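Listed here are the chains, written in short residue letters.
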Amino acid sequence: MRIAIIGSGYVGLVSGACLADFGHEVVCIDKDPDKIEALNQGRMPIYEPGLDALVAENVRARRLGFSTDLRPAVAQAQAVFIAVGTPSRRGDGFADLSYVYAAAREIAEALTGYAVVVTKSTVPVGTGDEVERILREARPDLDVGVASNPEFLREGAAIGDFKRPDRIVIGAEDARAAAVMQEVYRPLYLNQAPILLTGRRTAELTKYAANAFLATKITFINEIADLCEQVGANVQEVARGIGLDNRIGSKFLHAGPGYGGSCFPKDTLALVKTAQDYGTPVRIVETVVAVNDQRKRAMARKVIAACGGSVRGKRVALLGLTFKPNTDDMRDAPSLSIIAGLQDAGARIVAYDPEGMEQARPLLQGVAYAEDAYGCAEGADALVIVTEWNAFRALDLARLKGLMAAPVLVDLRNVYAPDEARRHGLRHIGVGALAGDD
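These figures come from a predicted structure and were not determined experimentally.

Draft legend 1. Seen up close, the overall build of the protein. Summing up its helical and strand segments, the protein has 17 helices and 14 strands in all. The C-alpha radius of gyration of the protein comes to 23 Å, within 12% of the 22 Å expected for a compact globule of 438 residues. Along the three orthogonal principal directions, the C-alpha set of the protein runs to about 75 × 50 × 45 Å. When burial is assessed residue by residue, the protein has 54% of its 438 residues classed as buried. In the structure as shown, the protein presents an accessible area of about 19,300 Å², 50% of it carried by carbon and sulfur atoms.

Draft legend 2. Inspection of the UniProt feature "domain: UDP-glucose/GDP-mannose dehydrogenase C-terminal" (unreviewed entry) in the protein at higher detail. Using the residue numbers shown here, the UniProt feature "domain: UDP-glucose/GDP-mannose dehydrogenase C-terminal" (unreviewed entry) corresponds to residues 317–418. For residues 317–418, the end-to-end C-alpha separation is 19 Å, with 27% helix and 19% strand making up the annotated structure.

Draft legend 3. Broad picture of the pattern of salt bridges. Enumeration according to the criterion identifies 25 salt bridges in this entry. Salt-bridge contacts for Arg 89 lead to Asp 92; the nearest nitrogen and oxygen are separated by 2.6 Å. Classification of Arg 89 by relative accessible area gives partly exposed; the value is 39%. For Asp 419, the salt bridge is made with Arg 422, and the minimal N-O distance between the two is 2.4 Å. With Asp 419 and Arg 422 both in helix α17 (residues 418–423), this residue pair falls 3 residues apart, about one helical turn. With relative accessibility at 47%, the residue Asp 419 sits in the partly exposed group. In the salt-bridge network here, residues are joined through shared partners; they are Asp 129, Glu 132, Arg 136, Arg 200 and Arg 201.

Draft legend 4. Structural view of the packing of helix α6 (residues 127–138) against helix α9 (residues 200–231). Two elements in contact, α6 and α9, have axes whose closest approach is 8 Å; the angle formed by their N-to-C orientations is 130°. Judged on the interaxial angle alone, α9 and α6 are oblique. When α6 is examined against α9, the residues Thr 127, Gly 128, Asp 129 and Glu 132 are found in contact with a partner set consisting of Arg 200, Arg 201 and Glu 204.

Draft legend 5. Quick peek at the layout of surface pockets. Approximately 1,200 Å³ is the volume found for the second largest pocket. Along its surface, the second largest pocket is lined by 47 residues, and Ala 83, Val 84, Gly 85, Thr 86 and Arg 331 are the ones closest to its centre. Contributing elements (two or more residues each) for the lining of the second largest pocket: α1 (10–21), α5 (98–110) and α11 (264–277). For the lining of the second largest pocket, the leading source of residues is α5, giving 5 residues. Across the lining of the second largest pocket, the residue classes break down as 20 nonpolar, 15 polar and 12 charged.

Draft legend 6. Structural context of the nonpolar core. Membership of the largest hydrophobic core comes to 62 residues, with the highest contact counts inside it found for Val 316, Leu 318, Leu 319 and Leu 342. Examining the composition of this core, we find that 5 residues originate from one element, helix α12 (residues 283–306), more than from any other.

Draft legend 7. Region of the structure containing unusual backbone geometry. Its identity is not glycine, yet Asp 332 carries a phi of approximately 55°, on the positive side. With respect to the helices and strands, the residue Asp 332 is situated in the loop between β9 (315–319) and α13 (334–344). The backbone phi angle of Asn 414 is positive, close to 50°, even though this residue is not glycine. On the basis of relative accessible area, Asn 414 is assigned to the buried category, the value being 13%.

Draft legend 8. Structural context of the sheet that holds strand β7 (residues 168–172). In space, the 8 strands of this open sheet follow the order β3-β2-β1-β4-β5-β6-β7-β8, with mixed pairing throughout. Each of the sheet's edge strands pairs with one partner strand only, and the pair in question is β3 (64–67) and β8 (195–198). Strand after strand, the sheet turns through a mean of 25° between neighbouring axes, direction not considered. As paired elements, strand β5 (residues 115–119) and strand β6 (residues 144–148) share 5 bridges and run parallel to each other. When the bridges of β6 are listed, Val 116 appears paired with Gly 145. With respect to the sheet, α6 is in contact with β5 and β6, its orientation differing from that of β6 by roughly 160°.

Draft legend 9. Region of the structure containing the pairing of β7. With 5 of its 5 residues buried, β7 lies for the most part within the structure. Residues Ile 168, Ile 170 and Ala 172 of β7 are buried on one face, and the alternating residues Val 169 and Gly 171, pointing to the opposite face, are buried as well. Bridge count for β6 against β7 is 2 bridges, and the pairing is antiparallel. Across the sheet, the residue bridging to Ala 147 is Ala 172, located in β7.

Definitions and cut-offs
- Residues numbered from 1 in each chain as written.
- Predicted model: local features only at pLDDT ≥ 70, side-chain atom pairs only at ≥ 80, totals over all residues.
- Heavy atoms only, no water.
- Helix = DSSP H or I, 4+ residues; strand = E, 2+ residues; numbered from the N terminus.
- Rg over C-alpha atoms; globule rule 2.2 N^0.38 Å.
- Buried < 20%, exposed > 50% of the residue type's maximum accessible area, 1.4 Å probe, protein only.
- Areas by Shrake-Rupley, 256 points an atom, 1.4 Å probe, with all protein chains shown as cover.
- UniProt positions renumbered as here; feature names shortened; annotations may be inferred.
- Salt bridge = Lys/Arg side-chain N within 4 Å of Asp/Glu carboxyl O.
- Axes fitted to C-alpha atoms, helices over the stretch in contact; angles between N-to-C directions.
- Parallel < 35°, antiparallel > 145°, perpendicular 65-115°, else oblique.
- Contact = heavy atoms within 4.5 Å.
- 1 Å grid on protein atoms, 1.4 Å probe; cavity = no way out; pocket = protein on both sides within 12 Å on 5 of 7 lines; lining within 4 Å.
- Points joined across faces, edges and corners; volume = space filled by probe spheres on them.
- Nonpolar A, V, L, I, M, F, W, Y, C, P; charged D, E, K, R; others polar.
- Core = buried A, V, L, I, M, F, W, Y, C linked by side-chain atoms within 4.5 Å.
- Pairing = 2+ DSSP bridges.

See below:
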């Protein structure tokens, strides 16, 4: 099939590369000429494991191309995916759909025959209806289908998620559009990936509901972790105890500094705003948003307490800046709030991240950057593990202790067992630890 993808950011680029790898002919379009030039030269605008090789392979096979010119790609396409950003709108928190609607208008002018216009971006309920209205208003004679096909990609594991998905959700209002979308994903037939066919509005809400539920699991176990610290229980064992129940499951039950990234913060907020608009407030999700926002700053207070109640003039080292491992994404990363809280308390910050430091520099002021974990720890009054990169899972703890000014390890991801840290002379402060573990 011939496919055009509008937007060459995270979702558009990963989706385009994977669809091309299935054998489709894909053109990814973006208004940023620098991004397109970089992609044509084989340079990725994001860090995602395996993406550079996948893109290069499909460009060589002439199944994947990049352009700033929407018209020729859309004119020949059987399916046109809208994969532009939908950030939280300043002032009210609603999803900003201006890029989606602008893309729909441009697509309407470029279509020459039947095609399905697909919203891949995460959009509130009813966006597909508005996209269809824009298309038909611009071209009343247009023969077009409109579908919703939300993405469920985890940053750091996106290629595997696209090729071996738990499910593919397709929202369409007519059989012809649904048939085209099923053909797009036909190569996944051998993987037996279940395709869920629904109405457009159901598909749109499914994406928001999924992210809100996962965000709720994270926030739930974080609150249980706080309780564990007060009553002398161990949150990791509690999480295992409840996660072995198949009705609950073990995923997203890892206590830490709160969720961040490009999806959960904006999607939970957008769901809250949509529900308020329809007069059916989602109180649980409202609480999740509030608790998660407060938690990130609370992690700074945890570090301050570990340092004896004050960090003024002290050197605090942070390992990990990105919101999760295997990505360079700094959007709503907990490290941003933690660093702000520590700097407000007078700390001097040094940080190291395997991939995120260039993205972090414009967002952080007064932060020194180290070349590796040991350089980061040198002379530190406290070492804080914020992001659980694999590179931080087997550090030489004795070497760290020898480098640090004070042997304080604040492990916000529970990477190390307290006993192990203590054997090497480090004072371990984890999240949801047993009384006495610190």
